[in-house]
Amino acid sequence: MTDIKIVFSDIDGTLVHYDQEIGPDDDIIRLPTSSTGLKALISAKTLGKCQELRRKGVFLVLVSGGRTTTIFDRLPFLPLADAYCSEVGGRIFYPVKEPTREGDLVITPHPYTNAREEDLEPFSLKEDLEWRARMEEFVGKEGYQGVEPWDYKSGTNITAFERKGALWDLAQSFLNDGCVIDAKGYASSFRVSRSKNKSMSNETFQAMLDMKCPDGLDKSVNLGSIDFYPKMSGKRNCCFYLAQRFLQSTDEEVLSKHAVCMCDDDNDLEMAHACKHAYLPSIASESMAQAAEKSKDKFTLTEQGTVAKTAATEAAIDILLGIVTYGKWQNTTQNE
(Lines give C-alpha, C1' and ligand atoms only; values in the text may rest on other atoms or scores of the structure.)
Protein backbone atom coordinates (compact mmCIF):
# COMPACT_ATOMS: atom_id res chain seq x y z
CA MET A 1 0.00 0.00 0.00
CA THR A 2 1.12 3.57 -0.66
CA ASP A 3 2.22 5.75 2.24
CA ILE A 4 0.42 8.80 0.81
CA LYS A 5 -2.58 9.40 3.01
CA ILE A 6 -3.24 13.11 2.56
CA VAL A 7 -2.81 15.64 -0.27
CA PHE A 8 -2.62 19.36 0.41
CA SER A 9 -3.23 21.67 -2.52
CA ASP A 10 -2.85 25.38 -3.05
CA ILE A 11 -5.57 26.94 -5.20
CA ASP A 12 -4.36 29.87 -7.36
CA GLY A 13 -1.83 28.79 -9.95
CA THR A 14 -2.22 25.19 -8.82
CA LEU A 15 -5.83 24.04 -9.12
CA VAL A 16 -7.14 27.14 -10.88
CA HIS A 17 -5.34 29.16 -13.53
CA TYR A 18 -5.48 32.50 -15.32
CA ASP A 19 -4.92 33.79 -18.86
CA GLN A 20 -5.32 30.34 -20.37
CA GLU A 21 -6.17 30.01 -24.03
CA ILE A 22 -9.15 27.67 -24.19
CA GLY A 23 -9.34 25.23 -27.07
CA PRO A 24 -12.58 23.89 -28.62
CA ASP A 25 -12.13 20.51 -26.90
CA ASP A 26 -11.22 21.89 -23.47
CA ASP A 27 -13.80 21.22 -20.75
CA ILE A 28 -13.27 24.37 -18.70
CA ILE A 29 -15.31 26.00 -15.94
CA ARG A 30 -14.96 29.72 -15.23
CA LEU A 31 -14.95 30.87 -11.60
CA PRO A 32 -16.53 34.12 -10.36
CA THR A 33 -14.28 37.15 -10.68
CA SER A 34 -12.35 37.73 -7.45
CA SER A 35 -12.56 40.94 -5.42
CA THR A 36 -9.30 42.04 -7.05
CA GLY A 37 -10.60 41.40 -10.56
CA LEU A 38 -8.87 38.10 -11.25
CA LYS A 39 -10.72 35.71 -13.56
CA ALA A 40 -9.83 32.10 -12.85
CA LEU A 41 -10.75 28.82 -14.47
CA ILE A 42 -10.55 25.13 -13.61
CA SER A 43 -10.91 22.03 -15.73
CA ALA A 44 -13.63 19.42 -15.31
CA LYS A 45 -10.89 16.78 -15.35
CA THR A 46 -9.21 18.44 -12.36
CA LEU A 47 -12.48 18.27 -10.42
CA GLY A 48 -13.06 14.64 -11.36
CA LYS A 49 -9.50 13.47 -10.68
CA CYS A 50 -9.54 15.08 -7.23
CA GLN A 51 -12.59 13.01 -6.37
CA GLU A 52 -10.86 9.88 -7.68
CA LEU A 53 -8.12 10.51 -5.12
CA ARG A 54 -10.66 10.83 -2.32
CA ARG A 55 -12.48 7.68 -3.39
CA LYS A 56 -9.17 5.84 -3.03
CA GLY A 57 -9.11 6.83 0.64
CA VAL A 58 -6.79 9.84 0.39
CA PHE A 59 -7.69 13.00 2.31
CA LEU A 60 -7.74 16.17 0.20
CA VAL A 61 -7.24 19.59 1.78
CA LEU A 62 -7.30 22.92 -0.08
CA VAL A 63 -4.94 25.49 1.48
CA SER A 64 -5.03 29.05 0.18
CA GLY A 65 -3.55 32.41 1.00
CA GLY A 66 -6.75 34.01 -0.28
CA ARG A 67 -9.28 35.95 1.73
CA THR A 68 -12.00 33.85 3.34
CA THR A 69 -14.85 35.60 1.54
CA THR A 70 -13.31 34.81 -1.87
CA ILE A 71 -12.95 31.15 -0.88
CA PHE A 72 -16.62 31.06 0.15
CA ASP A 73 -17.65 32.41 -3.26
CA ARG A 74 -15.42 29.97 -5.13
CA LEU A 75 -16.43 26.80 -3.29
CA PRO A 76 -19.09 25.69 -5.81
CA PHE A 77 -16.35 25.58 -8.47
CA LEU A 78 -13.55 23.99 -6.45
CA PRO A 79 -12.95 20.29 -5.81
CA LEU A 80 -14.86 18.76 -2.94
CA ALA A 81 -12.37 18.39 -0.10
CA ASP A 82 -12.10 17.17 3.46
CA ALA A 83 -11.10 20.64 4.66
CA TYR A 84 -10.78 24.14 3.24
CA CYS A 85 -8.17 26.54 4.63
CA SER A 86 -8.03 30.25 3.89
CA GLU A 87 -5.85 33.22 4.88
CA VAL A 88 -2.53 31.33 4.65
CA GLY A 89 -3.94 28.62 6.89
CA GLY A 90 -5.36 30.96 9.52
CA ARG A 91 -8.87 29.54 9.19
CA ILE A 92 -10.00 25.95 8.69
CA PHE A 93 -13.47 24.82 7.59
CA TYR A 94 -14.90 21.32 7.25
CA PRO A 95 -17.80 20.37 4.96
CA VAL A 96 -20.98 19.31 6.76
CA LYS A 97 -24.24 18.05 5.29
CA GLU A 98 -26.52 20.43 7.19
CA PRO A 99 -26.19 24.14 8.04
CA THR A 100 -25.01 24.72 11.60
CA ARG A 101 -27.20 27.81 12.15
CA GLU A 102 -29.92 29.88 10.53
CA GLY A 103 -28.73 31.80 7.48
CA ASP A 104 -25.66 29.63 7.08
CA LEU A 105 -23.94 29.35 3.72
CA VAL A 106 -25.11 26.42 1.59
CA ILE A 107 -22.74 25.46 -1.23
CA THR A 108 -24.18 23.80 -4.33
CA PRO A 109 -21.35 22.35 -6.45
CA HIS A 110 -21.30 23.44 -10.08
CA PRO A 111 -22.03 20.52 -12.45
CA TYR A 112 -19.14 19.17 -14.49
CA THR A 113 -18.61 16.36 -16.99
CA ASN A 114 -18.70 12.85 -15.46
CA ALA A 115 -19.51 14.11 -11.98
CA ARG A 116 -21.22 11.57 -9.77
CA GLU A 117 -24.45 12.38 -7.99
CA GLU A 118 -22.71 12.48 -4.60
CA ASP A 119 -20.16 14.96 -5.99
CA LEU A 120 -22.91 17.52 -6.56
CA GLU A 121 -24.74 17.29 -3.24
CA PRO A 122 -25.10 20.65 -1.39
CA PHE A 123 -23.10 21.15 1.79
CA SER A 124 -22.34 23.74 4.45
CA LEU A 125 -19.27 24.58 6.51
CA LYS A 126 -18.20 24.19 10.11
CA GLU A 127 -15.15 26.08 11.33
CA ASP A 128 -12.44 24.48 13.45
CA LEU A 129 -12.88 26.58 16.59
CA GLU A 130 -9.90 25.06 18.38
CA TRP A 131 -7.62 26.29 15.59
CA ARG A 132 -9.40 29.64 15.50
CA ALA A 133 -8.89 30.10 19.25
CA ARG A 134 -5.13 29.74 18.74
CA MET A 135 -5.19 32.58 16.20
CA GLU A 136 -7.28 34.87 18.41
CA GLU A 137 -4.34 35.41 20.77
CA PHE A 138 -2.78 37.51 17.99
CA VAL A 139 -5.77 38.67 15.91
CA GLY A 140 -8.51 39.17 18.51
CA LYS A 141 -12.18 38.43 17.88
CA GLU A 142 -13.43 41.61 16.23
CA GLY A 143 -12.26 40.91 12.69
CA TYR A 144 -14.36 37.78 12.30
CA GLN A 145 -17.51 39.88 12.07
CA GLY A 146 -18.66 39.88 8.45
CA VAL A 147 -16.32 37.00 7.57
CA GLU A 148 -18.46 34.13 8.83
CA PRO A 149 -20.31 31.66 6.57
CA TRP A 150 -23.62 33.17 7.67
CA ASP A 151 -22.80 36.91 7.45
CA TYR A 152 -20.07 37.40 4.85
CA LYS A 153 -22.49 39.05 2.43
CA SER A 154 -23.58 41.56 5.06
CA GLY A 155 -20.78 44.06 4.51
CA THR A 156 -20.16 44.30 8.26
CA ASN A 157 -16.45 43.41 8.25
CA ILE A 158 -14.79 46.12 10.38
CA THR A 159 -11.65 48.11 9.58
CA ALA A 160 -8.16 47.30 10.80
CA PHE A 161 -8.29 50.28 13.16
CA GLU A 162 -11.24 48.69 14.98
CA ARG A 163 -9.47 45.39 15.58
CA LYS A 164 -7.26 44.37 18.49
CA GLY A 165 -4.22 42.13 18.68
CA ALA A 166 -0.58 42.11 17.62
CA LEU A 167 -1.41 41.54 13.96
CA TRP A 168 -3.63 44.60 13.83
CA ASP A 169 -1.13 46.70 15.78
CA LEU A 170 1.26 46.00 12.90
CA ALA A 171 -1.42 46.79 10.32
CA GLN A 172 -2.23 50.08 12.06
CA SER A 173 1.45 51.06 12.09
CA PHE A 174 1.56 50.52 8.32
CA LEU A 175 -1.60 52.57 7.86
CA ASN A 176 -0.19 55.41 9.97
CA ASP A 177 2.85 55.44 7.66
CA GLY A 178 0.59 55.89 4.64
CA CYS A 179 0.65 52.29 3.45
CA VAL A 180 -2.48 50.82 1.87
CA ILE A 181 -3.35 47.45 3.38
CA ASP A 182 -6.06 44.98 2.43
CA ALA A 183 -7.99 43.51 5.37
CA LYS A 184 -11.42 43.24 3.78
CA GLY A 185 -12.66 39.67 3.91
CA TYR A 186 -9.78 38.64 6.18
CA ALA A 187 -9.99 37.89 9.91
CA SER A 188 -6.57 36.39 10.69
CA SER A 189 -4.27 38.01 8.14
CA PHE A 190 -3.87 41.08 5.96
CA ARG A 191 -2.18 41.81 2.67
CA VAL A 192 0.05 44.56 1.33
CA SER A 193 -0.02 44.74 -2.45
CA ARG A 194 2.56 46.56 -4.53
CA SER A 195 -0.11 47.50 -7.07
CA LYS A 196 -2.19 49.26 -4.40
CA ASN A 197 0.81 51.21 -3.10
CA LYS A 198 1.92 52.92 -6.28
CA SER A 199 3.31 55.93 -4.42
CA MET A 200 5.54 53.67 -2.30
CA SER A 201 9.14 53.52 -3.46
CA ASN A 202 10.66 50.22 -4.53
CA GLU A 203 13.13 50.56 -1.66
CA THR A 204 10.32 50.91 0.90
CA PHE A 205 8.45 47.92 -0.47
CA GLN A 206 11.65 45.86 -0.50
CA ALA A 207 12.29 46.87 3.11
CA MET A 208 8.83 45.54 3.98
CA LEU A 209 9.70 42.29 2.21
CA ASP A 210 12.93 42.04 4.20
CA MET A 211 11.61 43.23 7.56
CA LYS A 212 11.70 41.09 10.69
CA CYS A 213 8.14 40.65 11.91
CA PRO A 214 7.20 41.41 15.52
CA ASP A 215 7.24 38.44 17.89
CA GLY A 216 4.46 35.97 17.14
CA LEU A 217 3.90 37.17 13.56
CA ASP A 218 5.18 36.05 10.18
CA LYS A 219 4.89 36.93 6.49
CA SER A 220 5.16 35.39 3.04
CA VAL A 221 4.70 36.41 -0.59
CA ASN A 222 1.63 35.40 -2.57
CA LEU A 223 0.75 36.57 -6.09
CA GLY A 224 3.33 39.34 -5.74
CA SER A 225 1.83 40.68 -2.51
CA ILE A 226 2.95 40.31 1.12
CA ASP A 227 0.68 38.46 3.54
CA PHE A 228 1.08 39.03 7.30
CA TYR A 229 -0.36 36.54 9.82
CA PRO A 230 0.29 34.82 13.17
CA LYS A 231 3.46 32.73 13.17
CA MET A 232 1.52 29.74 14.48
CA SER A 233 -0.55 29.96 11.29
CA GLY A 234 1.02 29.59 7.85
CA LYS A 235 0.41 26.74 5.46
CA ARG A 236 2.96 24.35 6.97
CA ASN A 237 1.56 24.62 10.49
CA CYS A 238 -2.01 24.34 9.25
CA CYS A 239 -1.13 21.20 7.27
CA PHE A 240 0.67 19.65 10.24
CA TYR A 241 -2.35 20.25 12.47
CA LEU A 242 -4.75 18.71 9.94
CA ALA A 243 -2.51 15.74 9.12
CA GLN A 244 -2.32 14.80 12.78
CA ARG A 245 -6.07 15.31 13.13
CA PHE A 246 -7.17 13.34 10.07
CA LEU A 247 -4.64 10.55 10.50
CA GLN A 248 -5.13 10.45 14.29
CA SER A 249 -1.39 10.66 14.70
CA THR A 250 0.97 12.29 17.19
CA ASP A 251 3.97 11.69 14.92
CA GLU A 252 6.02 14.86 14.52
CA GLU A 253 7.11 13.58 11.08
CA VAL A 254 3.59 12.90 9.85
CA LEU A 255 3.92 15.32 6.90
CA SER A 256 7.20 13.92 5.62
CA LYS A 257 5.90 10.37 5.92
CA HIS A 258 2.32 10.59 4.69
CA ALA A 259 1.64 13.93 2.97
CA VAL A 260 2.33 15.41 -0.45
CA CYS A 261 1.35 18.80 -1.79
CA MET A 262 0.62 20.67 -5.00
CA CYS A 263 1.72 24.28 -5.05
CA ASP A 264 3.46 27.10 -6.92
CA ASP A 265 4.43 30.16 -4.85
CA ASP A 266 6.63 31.54 -2.06
CA ASN A 267 3.96 31.11 0.61
CA ASP A 268 3.89 27.38 -0.19
CA LEU A 269 7.58 26.75 0.46
CA GLU A 270 7.41 25.71 4.12
CA MET A 271 4.55 23.34 3.32
CA ALA A 272 6.44 21.94 0.34
CA HIS A 273 9.61 21.29 2.31
CA ALA A 274 7.68 19.67 5.16
CA CYS A 275 5.76 17.25 2.94
CA LYS A 276 7.17 14.07 1.42
CA HIS A 277 7.04 15.56 -2.08
CA ALA A 278 5.77 18.66 -3.86
CA TYR A 279 4.21 18.78 -7.33
CA LEU A 280 4.30 22.08 -9.21
CA PRO A 281 1.80 22.67 -12.04
CA SER A 282 3.42 26.09 -12.37
CA ILE A 283 6.02 28.28 -10.67
CA ALA A 284 4.96 31.74 -9.55
CA SER A 285 8.02 33.00 -7.66
CA GLU A 286 11.78 33.04 -7.91
CA SER A 287 12.05 31.42 -4.48
CA MET A 288 9.98 28.44 -5.63
CA ALA A 289 12.02 28.16 -8.85
CA GLN A 290 15.24 28.10 -6.81
CA ALA A 291 13.87 25.47 -4.44
CA ALA A 292 12.77 23.25 -7.33
CA GLU A 293 16.15 23.57 -9.01
CA LYS A 294 18.08 22.89 -5.81
CA SER A 295 16.03 19.90 -4.63
CA LYS A 296 14.98 18.00 -7.74
CA ASP A 297 14.36 14.88 -5.66
CA LYS A 298 11.80 16.84 -3.61
CA PHE A 299 10.01 18.86 -6.29
CA THR A 300 8.38 17.72 -9.54
CA LEU A 301 7.45 20.33 -12.13
CA THR A 302 4.57 18.98 -14.22
CA GLU A 303 4.51 22.00 -16.52
CA GLN A 304 6.48 20.64 -19.48
CA GLY A 305 6.33 22.13 -23.00
CA THR A 306 2.72 22.24 -24.15
CA VAL A 307 1.55 20.66 -20.89
CA ALA A 308 0.71 23.81 -18.96
CA LYS A 309 -1.88 25.38 -16.67
CA THR A 310 -4.92 23.07 -16.28
CA ALA A 311 -3.18 20.27 -18.20
CA ALA A 312 -0.20 20.51 -15.84
CA THR A 313 -2.57 20.28 -12.86
CA GLU A 314 -4.18 17.19 -14.34
CA ALA A 315 -0.71 15.70 -14.91
CA ALA A 316 0.20 16.24 -11.24
CA ILE A 317 -2.97 14.53 -10.04
CA ASP A 318 -2.41 11.68 -12.50
CA ILE A 319 0.98 11.04 -10.91
CA LEU A 320 -0.62 10.94 -7.47
CA LEU A 321 -3.35 8.59 -8.68
CA GLY A 322 -0.66 6.29 -10.08
CA ILE A 323 1.23 6.28 -6.80
CA VAL A 324 -1.88 5.66 -4.74
CA THR A 325 -3.14 2.95 -7.10
CA TYR A 326 0.10 1.03 -7.61
CA GLY A 327 1.72 1.72 -4.25
CA LYS A 328 5.00 3.04 -5.51
CA TRP A 329 6.54 6.35 -6.57
CA GLN A 330 6.39 7.12 -10.28
CA ASN A 331 8.01 10.52 -10.80
CA THR A 332 7.86 10.30 -14.58
CA THR A 333 7.84 14.08 -14.99
CA GLN A 334 10.71 14.83 -12.64
CA ASN A 335 12.58 18.05 -13.39
CA GLU A 336 15.34 17.68 -15.95
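For the structure, see preceding data.
Definitions and limits used
Residues numbered from 1 in each chain as written. Predicted model: local features only at pLDDT ≥ 70, side-chain atom pairs only at ≥ 80, totals over all residues. Heavy atoms only, no water. Phe/Tyr/Trp six-rings, centres within 6.5 Å; stacked < 30°, edge-to-face > 60°. Helix = DSSP H or I, 4+ residues; strand = E, 2+ residues; numbered from the N terminus. Buried < 20%, exposed > 50% of the residue type's maximum accessible area, 1.4 Å probe, protein only. Lys NZ or Arg CZ within 6 Å of the ring centre and 35° of its normal. Lys, Arg positive; Asp, Glu negative; His and termini not counted. Salt bridge = Lys/Arg side-chain N within 4 Å of Asp/Glu carboxyl O. Polar contact = N/O pair within 3.5 Å; in protein donor to acceptor, adjacent residues only side chain to side chain. Contact = heavy atoms within 4.5 Å. Arc of directions from axis to C-beta. Core = buried A, V, L, I, M, F, W, Y, C linked by side-chain atoms within 4.5 Å.

## Side note on the packing of aromatic side chains
Counted according to the given criterion, the structure contains 10 aromatic pairs. Centroid distance Tyr 94 to Phe 246: 6.1 Å. Interplanar angle 85 degrees. Geometry classified as edge-to-face. One end of the pair, Tyr 94, is in strand β6 (residues 91-96); the other, Phe 246, is in helix α6 (residues 235-246), with 152 residues separating them in the sequence. Take Phe 246: its relative accessible area is 15%, and that puts it in the buried class. Ring geometry for Trp 131 and Tyr 241: centres 4.7 Å apart, planes at 35 degrees, overall tilted. With Trp 131 in helix α3 (residues 129-139) and Tyr 241 in helix α6, the pair connects residues that are 110 residues apart, well separated along the chain. In this structure, Trp 131 and Tyr 241 share a single accessibility class: buried. One Lys or Arg, Arg 163, reaches over the ring of Trp 168 and ends 4.4 Å from the middle of that ring.

## Quick word on the side chain of Asp 265
Secondary-structure assignment places Asp 265 in the loop between β11 (259-262) and α8 (269-274). In this structure, Asp 265 is buried with no salt-bridge partner, the nearest side chain bearing the opposite charge being Lys 235 at 7.8 Å. Polar contacts involving the side chain of Asp 265 include one to the side chain of Ser 285, which spans 3.4 Å. If we skip the residues at most four places from it in the chain, Asp 265 touches Val 221, Asn 222, Leu 223, Ala 284, Ser 285 and Met 288.

## So, α3
Residues of α3 that are buried include every one of Trp 131, Arg 132, Met 135, Glu 136, Phe 138 and Val 139, and no others. Looking straight down α3, one finds its buried side chains confined to an arc of 155 degrees; they lie on one side. Among the exposed residues of α3, those pointing more than 90 degrees away from its buried face are Leu 129 and Glu 137. Buried residues in α3 make contact with β6, β7 (124-127), α4 (166-176), β9 (217-222), β10 (225-230) and α6. Taking the backbone nitrogen of Glu 130 as reference, a side-chain oxygen 3.2 Å away marks Asp 128 as the first, capping residue of α3.

## What to know about the nonpolar core
Formed by 56 residues in total, the largest nonpolar core has its most connected members in Phe 8, Phe 190, Phe 228, Leu 242 and Leu 255. Considering each element in turn, this core owes the most residues, seven residues, to α6. Ignoring any residue separated from it by four or fewer positions in sequence, one finds Leu 255 in contact with Phe 8, Arg 236, Cys 239, Phe 240, Ala 243, Ala 274, Cys 275 and Lys 276. Core analysis: the next-biggest nonpolar cluster, separate from the first, contains 42 residues, Leu 31, Ile 71, Leu 80 and Tyr 152 among them.

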